[in-house]
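Here is how the chains run, residue by residue.
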Amino acid sequence: ASQALTKTRQFRNLLLSEHLQFICEAHNGLSAKIVQEAGFPGIWASGLSISAQFGVRDNNEASWTQVLEDLEFMSDATRIPILLDGDTGYGNFNNMQRLIRKLEQRNIAAVCIEDKLFPKTNSFLKGDAQPLADMQEFCGKIKAGKDAQTDPDFCLIARVEAFICGWGLAEALRRAEAYHQAGADGILIHSALSVPDEILAFKREWGNRCPVVIVPTKYYATPTDVFRQHGFSMVIWANHMLRAAVASMQKTARALKESEHLLSIEDKVAPVSEIFRLQNAAELLEAEERYLPRG
Ligand code: SPV
Ligand code: MG
């Protein structure tokens, strides 16, 4: 019988694929399952979305072990690899090493860390006022992370925030090269512009030194073929399950409050049977047949 690929190998294959790959955000077990069912080959465990679904800010208000608990549900619910948005690694090189060990234990395939300071702030909130991490310190964190992994396929993506923080192309390239040399398996180049100019300029200069990942949240109108033609490796749809859920929950709550009647929403929400299906309730019913004494 053919053995399924490990999640780490699956992710590495996606990152190294010669075709542009797409992964989608999820923030809990249910959304992770929905992303998998839609056919995505991987999941972005977004820091923004995970903190938001807990009702807190994207400033490391949720502790890293709380994130880990959430990730465990996501990983258990799915077969496809998860790339964790690991923020700044939740501390220094030492915290980074412990993070990697815990991620491997929970079957998380990869982690992305960004070159900013703990506690981090979301890139789209006053990005240009945010300080970057010391480059050498961040390189040490990358090396420490790579040294801590026991599975050779585990991937570490280094996220360059130079454009976000207002530094420009030269600094973005300088840092990306340092992180590449430090052992990062890929570079995530982020931009808050509504056009893809920064990330395209970066990729033209970068060439194919290592895979480059992008997050087109702000330059969402860019045709996907532009990313393909420039040779990017991976696109992350970074927060759209959370935003879809928020829009739908707000509509539903308002309609119910207003109408005081379930007819106002019944045909606009998933049937209860669909929730049971997503939970795999049928499996437990079968197990009960097998394991419970017959009455
Ligand atoms: C996230 O999804 O948490 C990210 C991407 O880090 S962004 O919000 O664009 O910074
Ligand atoms: Mg984030």
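Residues numbered from 1 in each chain as written. Chains lettered and ligands numbered in written order. Predicted model: local features only at pLDDT ≥ 70, side-chain atom pairs only at ≥ 80, totals over all residues. Heavy atoms only, no water.

Participant: How should I be thinking about helix H2 (residues 29–37) in this particular structure?
Facilitator: In an α-helix, one full turn covers 3.6 residues, which means residues spaced three or four apart are oriented alike. When we look at burial in H2, the residues that qualify are Gly29, Ser31, Ala32, Val35 and Gln36. The buried residues of H2 occupy an angular sector of 165 degrees when the element is viewed end-on, so they sit on one face. Each element contacted by the buried residues of H2 is listed here: strand E1 (21–26), strand E2 (43–45), helix H4 (64–76) and helix H10 (240–259). Between the side-chain oxygen of the N-cap and the backbone nitrogen of Leu30 there are 3.3 Å, and the N-cap of H2 in question is Asn28. (Buried < 20%, exposed > 50% of the residue type's maximum accessible area, 1.4 Å probe, protein only. Helix = DSSP H or I, 4+ residues; strand = E, 2+ residues; numbered from the N terminus. Arc of directions from axis to C-beta. Contact = heavy atoms within 4.5 Å. Polar contact = N/O pair within 3.5 Å; in protein donor to acceptor, adjacent residues only side chain to side chain.)

Participant: Would you mind showing me how to read the sheet that holds E1 here?
Facilitator: Either a parallel or an antiparallel arrangement is found when strands of a sheet pair, and the pairing is made through backbone hydrogen bonds. With parallel pairing, the eight strands of this closed barrel are ordered in space as E1-E2-E3-E4-E5-E6-E7-E8. When the angles between neighbouring strand axes are averaged without regard to direction, this sheet yields 30 degrees. Here E1 pairs with strand E8 (residues 234–237) via four bridges, running parallel. Across the sheet, the residue bridging to Ile23 is Ile236, located in E8. Packed onto the sheet, H4 meets E1, E2 and strand E3 (82–85) and runs at close to 165 degrees relative to E3. (Pairing = 2+ DSSP bridges. Axes fitted to C-alpha atoms, helices over the stretch in contact; angles between N-to-C directions.)

Participant: Which parts of the structure should I look at to understand the packing of aromatic side chains?
Facilitator: Note on aromatic pairs: each is described by the distance of the centres and the angle between the planes. Across all of its chains, the model carries six aromatic pairs by this definition. Arranged with centres 6.3 Å apart and planes meeting at 85 degrees, the rings of Phe227 and Phe232 form a pair that is edge-to-face. By way of ring pairs, the aromatic residues Tyr219, Phe227 and Phe232 are connected into one cluster. Lys218 extends its terminal NZ or CZ atom over the ring of Phe124, reaching a point 4.8 Å from the ring centre. (Phe/Tyr/Trp six-rings, centres within 6.5 Å; stacked < 30°, edge-to-face > 60°. Lys NZ or Arg CZ within 6 Å of the ring centre and 35° of its normal.)

Geometric descriptors of this kind do not, in isolation, establish any biological role.
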